2 protein chains.
Amino acid sequence: MDLENAKAQMRKGVLEMCVLAVIAGRETYPPEIIGKLEGTNVLVKEGTLYPLLIRLKNDGLVDYIWREGVKGPPRKYFTITENGRKFLEELTDSWKELVQAVNQTIEHNASTDVGEAFSTDPGAPRPLHIEPLPPDA
Amino acid sequence: MDLENAKAQMRKGVLEMCVLAVIAGRETYPPEIIGKLEGTNVLVKEGTLYPLLIRLKNDGLVDYIWREGVKGPPRKYFTITENGRKFLEELTDSWKELVQAVNQTIEHNASTDVGEAFSTDPGAPRPLHIEPLPPDA
DNA sequence: TTTAGTTCCTTGTATTGCATAATACTTTAT
DNA sequence: ATAAAGTATTATGCAATACAAGGAACTAAA
């Protein structure tokens, strides 16, 4: 079963927003971003994050400067831009709409109300003859 | 800017779950599925839905039978299987976890607390020298 | 019966974005 | 010098939907 795959697919669409949100919180650099997201159960790999950051940079949503740390090689510290903030707001709005829509779908259809399929719900399609055509066609 | 694109990307990961949820609600056929999802602001095209249904069928998560309607050509009515229900439960659990994680990320980083970047938060990385290396390197 | 129109289903190509994995570069420690 | 750790980069491949066009079954009207 590919539940893991499905979870990964769900993550995909929101990764950009999450990364942008983390950067919006305060200036930060890639390994720290990965750590923060891991903390909230959203896993990202380096090879996923760097290309994403480059895209955000090219779109003018984030910016970066090099800084030396107390240890190790210099780091690319990312900050969010004006446009980045605006875009993040739009993203989160869309996100909340989607969450609402999906929850509505899930909960509205959660029950096993099979009995109603052919009785109530006038607007529903009315299968007349009950049996199949050539099941192989 | 590609906000529409971003929204589409978000939809991608949850489409499978939504379609499964609709079918779980009661036996239904493709155009009706599209209508229901449109009703909750989740847009799907035929060319997207049919391949998805085939995949679900091949994975044993849904099944279908042909039925004649009062008008028009016969329809493929889809039902959810035992495995489909189990899988849907796992999907919704993952979905709820993801929503929680994302909301946490968004809200925790929502404020513009730039001032704290170099003062509080002891666990945070400490940029020591303030200025960049070769900004072009 | 032929034509047009609806409804439903199918298929192929393109695009997008992440996963995986390997690699290079910079500093620090031994 | 050499090894080790931390940081950044790149290449290849896969999964899933968007888009667009078309085909098949039925109905109704001329």
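Note: the structure precedes this text.
Just so it is clear, the model here is predicted, and its values are computed rather than measured.

With respect to unusual backbone geometry
You will see that asparagine 41 of chain A, though not glycine, has its phi angle at about 75 degrees, which is positive. Along the polypeptide, asparagine 41 of chain A turns up in the loop between helix H2 (30–39) and helix H3 (46–58).

Points about the protein's contact with DNA strand C
Contacts to DNA strand C come from 23 residues, most closely from Thr48 of chain A together with Glu46, Tyr50, Arg75 and Lys76 of chain B. Counting only the atoms of DNA strand C that lie within 4 Å of the protein, the sugar and phosphate share comes to 70%. One of the side-chain nitrogen or oxygen atoms of glutamate 46 of chain B is found 2.6 Å away from a base nitrogen of DNA strand C. For the surface near DNA strand C, the secondary-structure elements that each account for two or more residues are helix H1 (3–25) and H3 of chain A together with helix H1 (3–25), helix H2 (30–39), helix H3 (46–58) and strand E2 (75–80) of chain B. No other element matches H3 of chain B, which puts four residues into the surface near DNA strand C. Taken together, the residues of the surface near DNA strand C sort by class into 10 nonpolar, six polar and seven charged.

Here's the deal with the nonpolar core
Ranked by size, the top nonpolar core spans 70 residues in total, and within it Trp95 of chain A together with Trp95 of chain B carry the most contacts. Not counting chain neighbours up to four residues away, the residues in contact with tryptophan 95 of chain A comprise Val14 and Met17 of chain A together with Met10, Trp95, Val99, Val102, Asn103 and Ile106 of chain B.

Calculation rules
Residues numbered from 1 in each chain as written. Chains lettered and ligands numbered in written order. Predicted model: local features only at pLDDT ≥ 70, side-chain atom pairs only at ≥ 80, totals over all residues. Heavy atoms only, no water. Helix = DSSP H or I, 4+ residues; strand = E, 2+ residues; numbered from the N terminus. Near = heavy atom within 4 Å. Polar contact = N/O pair within 3.5 Å; in protein donor to acceptor, adjacent residues only side chain to side chain. Nonpolar A, V, L, I, M, F, W, Y, C, P; charged D, E, K, R; others polar. Core = buried A, V, L, I, M, F, W, Y, C linked by side-chain atoms within 4.5 Å. Buried < 20%, exposed > 50% of the residue type's maximum accessible area, 1.4 Å probe, protein only. Contact = heavy atoms within 4.5 Å.

No statement about biological role is implied by the geometric values presented.
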